[in-house]
Each structure stands twice: as structure tokens, then as C-alpha cells.
Amino acid sequence: MKRRLSALILAFFTVAVSAGELPKKLFGIELLKSFNVPEDQPEKPTFPAEFVSAETSLGAGQSIYFKPRKDYKDYPYKEYPQEKNPQFPTTSFRMYVHPVLTTMPLTPDTWIEEWRVVIIEYSTISDECDKKCEEKNYYKAITLCGVFAADLGIEPEILEYDRSGQFRWSYACSFVRGDIKFEISSFFQFFSVTLGLTSDAFDKADDAITRERQKAYAKENSPYN
């Protein structure tokens, strides 16, 4: 059992983590690190993983689905084909990235080459997840929360639903240090592990980028003159 728990820890912490600190990397990807997306080869970004697909969201950034350079036995790589674009599936490994704003005007047509990782996530979902599957995810989340609490030397915030209700197999814990949060969650057929900015820090960064884009768009399309 001890060997099993050690394997779970090593699968996440790809660099040494001191007691009382959160990991800086998950699955080979470093949080808050910038990378480039060449305009002539957008399918070959410079982050240390295999690019699979990208998806624009409602926020200021976008989701990038990737395949790690190494296999993680307890966190298998999975692809989820999309009905509209089956050649560009989403995957169990995702990062959310924000554009890095420079002093150059950010017009609507500007190619953004530099991006910054603000969320790294592993998640799985099963459309046919039964009670046994939900129970497995639940106990996996509890186990990992205990493992990482002991390894990090940080007490997590626990979210456990009413054990008598429909959410009885849902469980989540989060470790927070400053603007960074490390979270493990089980919710019905979903299981996820996430390292990223806290909600407040993320919203602040997202809003700042959105405002800059709006200013640039207004400058390019000003009706005031």
C-alpha cells in the first residue's frame, strides 16, 4: 500500500515540493510559465507536451488539450471525439492559457504568439458510470486528499455533500497558498485533479485581458471621430 501511495504522489509532483508549498508542475506542465505559438505553425506550440487540440471559451483565454510526453499509469490518457470536429478531440489532459499582453496594440486581428498557463487539469468522465464507478471515484478522491495533505504538510478545505442524498458519492478537497489552488474532486461520473489560479486571481487576470482587448477594439472601430 505504501508503494502504491508513493506512485500516486510521483505521478503528480514532477519536481521536488517542500513542506508547506504547492507543486509548481503537473504532468510535465509548469503553472504560470509562458510558451509560444508560432503563427506559421500553430499546431506546434513550445510547451513540453504533444498538442492535440484547442478550444476557445467564453473567457479571455482558451483551453489546450494535450498528451503528456510520458505515461502516467494511474492517470491514463483518453480522447473524447467531438461531433462537429472528430479530428480534433478533447482529452483527459487540459491546460487553460491566457494571452501575454505586450506593449504592442492588441487589435482583433493580432496574432497572439505568447501564452501563459493558468490552469492544468486532469479529468475523466464516463457516460456509463454506475454506482460502483461513482463510489470508486469518491474513495479515490478521499485517498488522494489524505495522501497530499500528508505529503504537502497542508490541511485542505474539504467539501463533502450530504451522504444521504443524491450527491453521496461526491467529494472535493482544495489546498490553497496565496493565488494558487490544488484541487481533487469527484462528482458523479466526473473525476478531476487541478492546479491553477484561485477563482479570484483567475477572474482578475481574465478581466484585465478582456478590458485591454475591448480598448483595442474600440480604438480600431471608434465611432467617436
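Draft legend 1. Summary view of the nonpolar core. Judged by nonpolar contacts, the single largest core of 46 residues is most densely connected at F35, M95, F175, F182 and I184. If you list the elements that add at least two residues to this core, you get strand 5 (62-67), strand 8 (93-99), strand 9 (114-125), helix 2 (131-152), strand 11 (171-177), strand 12 (180-187), strand 13 (190-197) and helix 3 (199-220). A per-element tally of this core places helix 2 first, with eight residues.

Draft legend 2. Spatial organisation of unusual backbone geometry. For F27, which is not a glycine, the phi torsion comes out positive at approximately 55 degrees. Summarising the element assignment, F27 is placed in the loop between strand 1 (25-26) and strand 2 (29-30). For F27, a relative accessible area of 2% corresponds to the buried category. The backbone phi angle of L32 is positive, close to 70 degrees, even though this residue is not glycine. Residue L32 is classed as partly exposed on the basis of its relative accessible area, which comes to 33%.

Draft legend 3. Quick peek at the pattern of salt bridges. This structure, assessed with the given rule, holds three salt bridges. For R94, the salt bridge is made with E121, and the minimal N-O distance between the two is 3.1 Å. A residue pair is termed long-range when its members are at least 10 positions apart, and R94 in strand 8 and E121 in strand 9 qualify at 27 residues. E212 is the partner of K215 in a salt bridge, and the nearest nitrogen-oxygen pair spans 3.9 Å. Taken together, the residues K215 and E212, both in helix 3 and three residues apart, mark about one turn of the helix. The class for K215 is exposed, based on a relative accessible area of 53%. Residue E212 is classed as partly exposed on the basis of its relative accessible area of 37%.

Conventions and cut-offs
- All residue numbers here refer to positions counted from 1 along the written sequence of the relevant chain.
- Residue-level local features of this predicted model are given only where pLDDT is at least 70; pairs of side-chain atoms are given and counted only at 80 or more, and the full residue set underlies all totals for whole chains, interfaces and linings.
- Based on all heavy atoms of the structure, the side-chain values leave hydrogens and waters out of the count.
- Nine residue types can take part in a nonpolar core, namely buried Ala, Val, Leu, Ile, Met, Phe, Trp, Tyr and Cys, and a core is a set of them joined through side-chain atoms within 4.5 Å.
- Relative accessibility under 20% of the residue-type maximum defines a buried residue, over 50% an exposed one, and the middle range a partly exposed one, all with a 1.4 Å probe and only protein chains included.
- Labels follow the DSSP assignment, with helices taken as runs of H or I lasting at least four residues and strands as runs of E lasting at least two, numbered in each case from the N terminus.
- Salt bridges are counted wherever a side-chain nitrogen of Lys or Arg sits within 4 Å of a carboxyl oxygen of Asp or Glu.

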